[in-house]
Amino acid sequence: DQQVKQNSPSLSVQEGRISILNCDYTNSMFDYFLWYKKYPAEGPTFLISISSIKDKNEDGRFTVFLNKSAKHLSLHIVPSQPGDSAVYFCAASVRQGAQKLVFGQGTRLTINP
Amino acid sequence: DAGVTQSPTHLIKTRGQQVTLRCSPKSGHDTVSWYQQALGQGPQFIFQYYEEEERQRGNFPDRFSGHQFPNYSSELNVNALLLGDSALYLCASSPDRDPQETQYFGPGTRLLVL
């Protein structure tokens, strides 16, 4: 039972353009959502998060949007840079804090010069 | 601050053997979670330790067990290894008292079962 789904295994974007990564979830108990970025041979690195009481959270070039009615969230990266090339994981938990994270399968983002 | 560290980085075992993986949490963190990441998949939660007790557990068999020490470091033990246990094992730490703090992940231990 895949409670968090990232339906695009890969995405290729030109440098300077916007990258949009999508994530869907099925469990309505999820209250807190995160995006992690992973380079090869490294552990996932936290990027940005959003609580279910918000519909948008912005941090520099990264913005996460949450649509609770559609159980959908997206990560926007603008402008995209070559260093953004990595695997991006969406994750969810029932509340913020030291909680079990449920991850999607990941989307490999490639930024082309 | 060294962040979350894990050892060893790589490990090769044969079916039926037992393995122990180790994790040291980020300084100031008292909660340790373990995840298994199979090839092409996202990390899956195995269990979480706090105050030397297993606090939460995911859908993994009893062959997977753990321990947390008084210094908050942790071990993951897997008995009777199967080919399907081949994966990247990630440790994450966080401070229980600060719900604003996210989980920090280590680089992982890559286990290959032959």
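Residues numbered from 1 in each chain as written. Chains lettered and ligands numbered in written order. Predicted model: local features only at pLDDT ≥ 70, side-chain atom pairs only at ≥ 80, totals over all residues. Heavy atoms only, no water.

A. Region of interest: the overall build of chain A. When its secondary structure is counted, chain A shows zero helices and 11 strands. For chain A, the α and β elements follow one another from N to C terminus as β-β-β-β-β-β-β-β-β-β-β. For chain A, the spread of C-alpha atoms along the three principal axes comes to 40 × 30 × 25 Å. Considering chain A as a whole, with its 113 residues, one finds that 47% of them fall into the buried category. Contacts in chain A between residues at least 24 apart in sequence constitute 55% of all its contacts with a sequence separation of at least 6. Put simply, chain A shows about 5500 Å² of open surface, and 48% of that area lies on carbon and sulfur atoms. Within chain A, the 9 negative side-chain charges are centred at a point lying 4 Å from the centre of the 12 positive side-chain charges. (Helix = DSSP H or I, 4+ residues; strand = E, 2+ residues; numbered from the N terminus. Buried < 20%, exposed > 50% of the residue type's maximum accessible area, 1.4 Å probe, protein only. Contact = heavy atoms within 4.5 Å. Areas by Shrake-Rupley, 256 points an atom, 1.4 Å probe, with all protein chains shown as cover. Lys, Arg positive; Asp, Glu negative; His and termini not counted. Charge placed at Lys NZ, Arg CZ, Asp CG, Glu CD.)

B. Fine view of the sheet that holds strand 3 (residues 19-25) of chain A. Residues and elements named next belong to chain A. Across the sheet, which stays open at both edges, the five strands sit in the order 1-3-8-7-6 with antiparallel pairing between neighbours. The two strands at the open ends of the sheet, each matched to only one other strand, are strand 1 (4-5) and strand 6 (56-59). Judged from the six bridges that link them, strand 3 and strand 8 (residues 72-77) form a sheet pairing that is antiparallel. Residue pairing for strand 8: Ile-20 is matched across the bridge by His-76. (Pairing = 2+ DSSP bridges.)

C. Local environment of the nonpolar core. By size, the foremost hydrophobic cluster in this structure holds 24 residues, and its most contacted members are Val-4, Phe-33, Trp-35, Leu-73, Leu-75 and Tyr-88 of chain A. Elements represented by at least two residues in this core include exactly strand 3, strand 4 (32-38), strand 5 (45-51), strand 7 (62-67), strand 8, strand 9 (86-93) and strand 11 (107-112) of chain A. Discounting residues that sit within four places of it in the chain, Phe-33 of chain A has contacts with Tyr-25, Ile-48, Ser-49, Ile-50, Leu-66, Leu-73, Ala-91 and Ala-92 of chain A. Of all hydrophobic cores here, the second largest spans 20 residues; its members include Leu-11, Ile-46, Phe-47 and Cys-91 of chain B. (Core = buried A, V, L, I, M, F, W, Y, C linked by side-chain atoms within 4.5 Å.)

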